[in-house]
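Coordinates in review
Listed below are the residues making up each chain.
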Amino acid sequence: MEVDSTPMTPTEYMEEDRSPVPDSTAMDVSEVDQNDDDDLSSVAALIDQLKHDDVQFRVNACKKLTVIAAALGPERARDELIPFLDDSIDDEDEVLLALAEELPNLSSYLGGSEYLPRLLVPLESLAAIEDATVRDKAVSSLRQIATQMEDSQRNNDFAPLVKRLAQGEWFTSRASAAGLFAVCYSAFDAQKQEEWRNMFAQLVHDETPMVRRSTTKALETLSSVVSEEHLETFVLSLFNELASDDQDSVRLLTIEILIAIANRFDAQKNRDTLLEPLKSLARDKAWRVRYMVASKFVEVCDAIGEDTVRAELVSTFVDLLKDSEGEVRTAAAGEVPGFAKFADKQTILESFLPCIRELVEDGNQHVRAALALHISGLSPILGKEDTIEHLLPLFLQLLKDEFPDVRLNVIANLEQINKVIGIDLLSQSLLPAITELAEDRQWRVRLAIIEYIPLLASPLGVEFFDEKLLNLCMSWLGDAVYSIREAATINLKKLTEVFGAEWAKDTVITQIIKMADNENYLYRMTTIFTLTTMTDALSPSIIKDYVLPTVISLSEDPIPNIRFNVAKALETLTPSLKQDANTADLIESTVVPSLQKLTNDKDGDVRFFASRALLDGEFTGRAL
């Protein structure tokens, strides 16, 4: 890169920059290193790396363009750095992507907003690159710069750039041009806006499908900035053409345009102009188009208007629920609760429920999983009686599904059903299924059941819980999967918070203490974890009489992992013991001696955690 009129190497430049004379436009190298926390030794190295043989070096250098620009100063950044970058466009896609992303950040290093057009030159080249990711980033950066420009700059510099791209020989530049029309449209006068619309319409009719795809995406944004008149005469006309395009990759994008238009039209105009195109898209021969309609159906209905939806779109939605393609049915199943809000209860019972019953037995497991995740949303709409009569049997059937994701999705949304029908009826109906799922071969299903148990605790009451579910909760402590054992300890803590510490002492802790004598070290480890986790929910006296003695007894365990977890547990127990005057003395008499003994353990990890506990523990009045 040349500096001034005399060739100068980056190193020479940096040596010149290190002079003690202050320069308000340059950044000292040591400041660069501190501010950017960069491993590179200097800005000179960054400049060198812009032409490094290694791609990753060039990528990293591009990400530091602001550092280079700050060191060069505004004039040299404009006159040397920008042209240098424009000459470097012939590079790997990774480098170009980093360059396209970083270029807008140079706007504050060029000496003022009047120099923003300088950044358009390399970005125009990047917008015509073959790689779509680079082009998209370049278009995004161009839009970002355009928002910072003055109106005169948009007319004199940005608009000609868009025109050159739109009339480019290669489809890549035309595809990029489509995304640039909306950003400056409002700043133009009526004559310029008309020229803009005519140019955009030419892109809509482009022979290349990729260009038409880009214009379809861009038309959604453009529809938000045109006038009401041109929304109907221009945008709606182009939408209808694109919705009947011979490429399904174009048609599937038009649903977003329909939503954008519908949000600006009134209900009657929506009914007159958009209803038939919507129905046509919902019946499209390409399943991907129908999928897009199904996945956006509730959003479409919100925009179209409630009266039109109730009168015209119920049968369309039912057809999507019965679609021949599983992907479409899956998308439609996810929209069931949202669409049901537009229908009355009779319509739901007569039109939707028969479809839902079919979907519960659908041969596609993903359809059933989507339904299981969203079907509970119908409960608040139907009310208690109809939920019990019509939905509860479907929940039970889904809970027995062979696909674990289906069962998980039902469990994850039981709380919504609970709010409608009440926990008593829910527990009576689902308790057998819950008990069965608690031993499911899929550990994630068991985990979901564990997390749901505390919600059942209070409504069921202590007696019913102890009789039906306590043994189940204790059995999870011996599960082969660590995540299940961990969740089981948290579950017992939550149950203690619900039923009280005395309940835990009488029913849970005695069983946990017995595990400390188990031959399997995992059971002994679980004992420590469980007692430690439950500490916050227990009283100091219970910790003194039951928890602390059990933990101390395991300090002699032959397994080092047990012993260093004892040290960690004692560290955790100390604050709880300190809170009560009756147990505070145990810190000095029991906890500290046990930890000191462990600091002499033969195992290094045990010594480490014991020493840490002594250093970090709250041992008041003792010099450690």
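The rules behind each value
- Residues numbered from 1 in each chain as written.
- Predicted model: local features only at pLDDT ≥ 70, side-chain atom pairs only at ≥ 80, totals over all residues.
- Heavy atoms only, no water.
- Core = buried A, V, L, I, M, F, W, Y, C linked by side-chain atoms within 4.5 Å.
- Buried < 20%, exposed > 50% of the residue type's maximum accessible area, 1.4 Å probe, protein only.
- Helix = DSSP H or I, 4+ residues; strand = E, 2+ residues; numbered from the N terminus.
- Contact = heavy atoms within 4.5 Å.
- UniProt positions renumbered as here; feature names shortened; annotations may be inferred.
- Patch = residues over 30% accessible without salt bridge, like charges linked within 9 Å, V, L, I, M, F, W, Y side chains within 5 Å.
- Areas by Shrake-Rupley, 256 points an atom, 1.4 Å probe, with all protein chains shown as cover.
- Salt bridge = Lys/Arg side-chain N within 4 Å of Asp/Glu carboxyl O.
- Lys, Arg positive; Asp, Glu negative; His and termini not counted.
- Charge placed at Lys NZ, Arg CZ, Asp CG, Glu CD.
- pLDDT = per-residue confidence, 0-100.
- Phe/Tyr/Trp six-rings, centres within 6.5 Å; stacked < 30°, edge-to-face > 60°.
- Expected span 1.5 Å × (residues − 1).
- Polar contact = N/O pair within 3.5 Å; in protein donor to acceptor, adjacent residues only side chain to side chain.

**Some thoughts on the nonpolar core**
- Leu-126, Phe-339, Phe-352, Ile-356, Phe-465 and Trp-476 are the most contacted members of the largest nonpolar core, which has 214 residues in total.
- The greatest single-element share of this core, amounting to 10 residues, is contributed by helix 32 (residues 443-460).
- With near-sequence residues (within four places) excluded, Phe-352 lies in contact with Val-314, Phe-317, Val-318, Phe-339, Ala-340, Ala-343 and Thr-347.

**Details of the UniProt feature "repeat: HEAT" (unreviewed entry) in the protein chain**
- The UniProt record annotates "repeat: HEAT" (unreviewed entry) at residues 196-234, 235-273, 274-312, 313-351, 352-390, 391-429, 430-468 and 547-585.
- Between the C-alpha atoms that bound residues 235-273 the distance is 12 Å, and the span itself is 79% helix and 0% strand.
- Secondary structure within residues 274-312 divides into 82% helix and 0% strand; the distance between the first and last C-alpha atoms comes to 12 Å.

**Re a negative patch on the surface**
- Residues Glu-92, Asp-93, Glu-94 and Glu-130 make up a contiguous surface patch of negative charge.
- The residue Glu-130 is located in the loop between helix 8 (120-126) and helix 9 (132-146) in this model.

**Description of the confidence of the model for the protein chain**
- Averaged over every residue, the pLDDT of the protein chain is 85; residues scoring 70 or more account for 91%.
- Per-element confidence in the protein chain is highest for helix 20 (residues 287-295), whose mean pLDDT is 96, and lowest for helix 1 (residues 10-17), whose mean pLDDT is 34.
- Residue range residues 620-624 is modelled with pLDDT below 50. Its contacts to residues more than four positions away, or to other chains, number seven contacts.

**Here's the deal with the side chain of Thr-583**
- Relative to the helices and strands, Thr-583 is located in helix 40 (residues 581-598).
- Classification of Thr-583 by relative accessible area gives buried; the value is 1%.
- What Thr-583 contacts, discounting residues up to four positions off in sequence, is Pro-540, Lys-544, Ser-576 and Leu-577.

**Examining the environment of Ile-528**
- By the secondary structure assignment, Ile-528 is in helix 37 (residues 521-534).
- Look at Ile-528 and you get buried, because its relative accessible area is 1%.
- Between the C-alpha atoms of Ile-528 and Ile-562, which are 34 residues apart in sequence, the distance is 8.2 Å.
- Residues in contact with Ile-528, not counting those within four places in the same chain, are Leu-554, Ile-562, Asn-565, Val-566 and Ala-569.

**Things to note about the packing of aromatic side chains**
- Across all of its chains, the model carries 16 aromatic pairs by this definition.
- Where Trp-287 meets Tyr-291, the ring centres are 6.4 Å apart and the plane angle is 75°; that geometry is what we call edge-to-face. Residue Trp-287 and its partner Tyr-291 are located together in helix 20, separated by four residues, close to a single helical turn.
- Taking relative accessible area as the criterion, Trp-287 reaches 34% and is therefore assigned partly exposed.
- Judged by its relative accessible area of 34%, Tyr-291 is partly exposed.
- Look at Phe-339 and Phe-342: their rings are 6.3 Å apart centre to centre, the planes differ by 45°, and that puts the pair in the tilted class.
- Judged by its relative accessible area of 0%, Phe-339 falls in the buried class.

**Re the environment of Ala-504**
- On the secondary structure map, Ala-504 appears in helix 36 (residues 501-515).
- Counting along the chain gives 34 residues from Ala-504 to Leu-538, while the straight-line C-alpha distance between them is 8.2 Å.
- Those residues within four positions of Ala-504 in sequence are excluded, and the remaining contacts are Thr-496, Ile-509, Met-534 and Leu-538.

**A few points about helix 6 (residues 74-86)**
- Helix length check: helix 6 (13 residues) gives 17 Å between terminal C-alpha atoms against 18 Å at 1.5 Å per residue, within 8%.
- Turning to helix 6, its buried residues number three or more, namely Arg-76, Ala-77, Arg-78, Glu-80, Leu-81, Ile-82, Phe-84 and Leu-85.

**Remarks on the side chain of Thr-496**
- Along the chain, the position of Thr-496 falls in helix 35 (residues 482-499).
- There is a polar contact of 2.8 Å between the side chain of Thr-496 and the backbone oxygen of Leu-492.
- Ignoring anything within four residues of it in the chain, the contact list for Thr-496 reads Ala-501, Trp-503, Ala-504, Met-534, Ala-537 and Leu-538.

**Some words on helix 14 (residues 209-222)**
- The first and last C-alpha atoms of helix 14 sit 19 Å apart over 14 residues, in line with the 20 Å expected at 1.5 Å per residue.
- Where helix 14 is concerned, the buried positions are Val-211, Arg-212, Thr-215, Thr-216, Ala-218, Leu-219 and Leu-222.
- Here the buried face of helix 14 lies against helix 11 (171-178), helix 12 (181-185), helix 13 (190-204), helix 15 (228-243), helix 16 (248-251) and helix 17 (254-264).

**As for the pattern of salt bridges**
- By the definition in use, this model includes 30 salt bridges.
- One salt bridge connects Asp-91 with Arg-58, and the closest N-O pair in it is separated by 2.7 Å. Pair noted here: Asp-91 is in the loop between helix 6 and helix 7 (93-102) and Arg-58 is in helix 4 (residues 55-62), with a separation of 33 residues, a long-range link.
- For the salt bridge of Asp-479 with Arg-446, the shortest nitrogen-to-oxygen distance reads 3.0 Å. Here Arg-446 lies in helix 32 and Asp-479 lies in the loop between helix 34 (470-475) and helix 35, a separation of 33 residues in the sequence. Taken as a pair, Asp-479 and Arg-446 share a single burial class, namely buried.
- One network of salt bridges, in which partners are shared, links Lys-163, Lys-192 and Glu-195.

**Description of the environment of Ser-611**
- By the element assignment, Ser-611 lies in helix 41 (residues 604-616).
- For the pair formed by Ser-611 and Ala-567, sequence separation is 44 residues and the distance between their alpha carbons is 8.7 Å.
- Within the structure, the side chain of Ser-611 is placed 2.8 Å from the backbone oxygen of Arg-607, a separation counted as a polar contact.

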